[in-house]
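What the coordinates show
One-letter residues, chain by chain:
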Amino acid sequence: MSQTSYLVGLIGSGIGPSLSPVLHEREADRLGLRCLYRLIDLDTLGVAPEAVGDLVRAARDVGFDGLNITHPCKQLVIGHLDDLTPQAAALGAVNTVVFEDGRAIGHNTDVTGFAASFARGLPDVSLERVVQLGAGGAGAAVAHAVLTLGAGHVTVVDALPDRAARLAAALRRHFGTGRAAAAAPDALAGLLARADGVVHATPTGMAAHPGLPFPVRLLRPGLWVAEVVYRPLETELVRAARAVGCAVLDGGGMAAFQAADAFRLFTGREPDPARMLADIAEPAGSPVPAAENA
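The following paragraphs examine the structure supplied in this document. What you see is a predicted model, and the numbers here were worked out from it, not measured in a lab.

Another aspect to go through is the packing of helix H1 (residues 20-30) against helix H10 (residues 252-267). Relative to each other, H1 and H10 sit at 55 degrees, their axes nearing to 10 Å. For the element pair H1 / H10, the angle class is oblique. Of the two possible hands of crossing, H1 and H10 adopt the one that is right-handed. Mapping the contact onto sequence places Leu 23, His 24, Glu 27 and Ala 28 in H1 and Ala 255, Ala 259, Ala 262, Phe 263 and Phe 266 in H10.

What follows is about the pairing of strand E3 (residues 66-69). Along E3, one buried face is formed by Gly 66 and Asn 68 and the opposite face, lined by Leu 67 and Ile 69, is buried too. Taken together, the four bridges between strand E1 (residues 5-12) and E3 define a ladder with parallel strand orientation. Bridge pairing links Ile 11 to Ile 69 in E3. In the sheet, E3 pairs with strand E5 (residues 96-100) via three bridges, with the strands oriented antiparallel. Of the residues in E5, the one forming a bridge with Leu 67 is Val 97.

Attention shifts here to the packing of aromatic side chains. Applying the stated criterion across every chain yields a total of two aromatic pairs. A ring pair is formed by Phe 114 and Phe 118, whose centres lie 5.8 Å apart and whose planes are at 40 degrees; its orientation type is tilted. With a gap of four residues between them, Phe 114 and Phe 118 both fall in helix H5 (residues 110-121), about one helical turn apart. Looking at Phe 114, the relative accessible area reads 1%, which means it is buried. Note on Phe 118: relative accessible area 3%, which makes it buried. Seen from their ring centres, Phe 118 and Trp 224 are 5.1 Å apart, and the 75 degrees between their planes marks the pair as edge-to-face. With Phe 118 in helix H5 and Trp 224 in strand E11 (residues 224-227), the pair connects residues that are 106 residues apart, well separated along the chain. Residue Trp 224 is classed as buried on the basis of its relative accessible area of 3%. Here the aromatic residues Phe 114, Phe 118 and Trp 224 are joined through ring pairs into a cluster of three or more.

Below, the discussion takes up the side chain of Asn 95. Here Asn 95 shows up in the loop between helix H4 (86-91) and E5. On the basis of relative accessibility, which here comes to 3%, the residue Asn 95 falls in the buried class. A polar atom in the side chain of Asn 95 sits 2.7 Å from the backbone nitrogen of Thr 109. Here Gln 258 takes part through its side chain, which lies 3.3 Å from a polar atom of the side chain of Asn 95.

Calculation rules
- Each chain carries its own residue numbering, running from 1 in the written order of its sequence.
- Local features in a predicted model are, by the rule used here, given only for residues with pLDDT of at least 70; side-chain atom pairs are given and counted only at 80 or more, and totals for whole chains, interfaces and linings are based on all residues.
- Hydrogens are left out, water is left out, and the side-chain values use all remaining heavy atoms of the structure.
- Axes, fitted as lines to C-alpha atoms, cover a helix only where it is in contact. Angles between the N-to-C directions of the axes lie from 0 to 180 degrees.
- Per the convention used, a helix needs a DSSP run of H or I reaching at least four residues, while a strand needs a run of E reaching at least two, with both numbered from the N terminus.
- An angle counts as roughly parallel when it lies under 35 degrees, as roughly antiparallel when it exceeds 145, as roughly perpendicular when it falls between 65 and 115, and as oblique in every other case.
- Each helix crossing is assigned a hand: it is left-handed if the near helix lies turned anticlockwise from the far helix by less than a right angle, otherwise right-handed if that turn is clockwise.
- Contact criterion: two residues are considered in contact whenever any of their non-hydrogen atoms come within 4.5 Å of each other.
- For each residue, the accessible area found with a 1.4 Å probe, counting protein chains only, is set against the maximum for its type, and the residue is called buried under 20%, exposed over 50%, and partly exposed in between.
- Any two strands with at least two DSSP-identified bridges between them are counted as paired.
- Geometry of aromatic contacts follows a simple scheme: Phe, Tyr and Trp rings, the Trp one being its six-membered ring, pair when their centres are within 6.5 Å, and the pair is stacked under 30 degrees between planes, edge-to-face over 60, tilted otherwise.
- The definition of a polar contact used here is a pair of N or O atoms within 3.5 Å, where within protein one atom must be able to donate a hydrogen and the other to accept one, and adjacent residues in sequence count solely through side-chain atom pairs.

Here it is, written out as structure tokens:
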């Protein structure tokens, strides 16, 4: 008889507000499956991000079917896995681990999740010049997604210049010379003045990291804004961008589509991303806007 019960979880920091348990458990119920989704919060456990390897091994040993991995462990976890899919290896970041025959296999569903959300929510925007804030695990994924969608050039800005430079170099190797560059945060004002859009891929705006990633004065009508943070669904950046008149993509779509892809990997069953997108909106108390032009 095929498997009908699954034990999965999420490793990360400050993940108490995560909707991953809701997304996976509800979709499993609708498909006649049983899914237990557990949060493994580094802050609650009082351990450093470097403990991710021990946590992955412990989850495998006690019978988990898989794990999602989030900030700040998407890159750290790689050294503790048995194998990576080609996409995860190219990105240097993992957000999904599947246990197969005692082996831990790293995947990345952030790329496909962000690409699906962007194509749905901002289908007609210009991608000639894109600025991205954040070069961590999520940043690597969304930069690949944006270039795959046809962006002409992506400039990566990160508080850690070396990390931005490494990501830009990896993007050039994968997509070609001239498609990506790195810049320091003090160049952001000039970059945004010339950009078609900005992708925000840092933890700023999360429930545990409130605030804005850059001053509101750098926003302007005609600049589209894509957010990766989804909890809260309306981050300070999303709210400010709408008020200015930007076309806005919140982080809900990426969360739903990447979760659907992870669910498929965990269970081998086909989820309904539209239902999971509705599940993102319900706990937030308001509909999920695909994109808005205020």
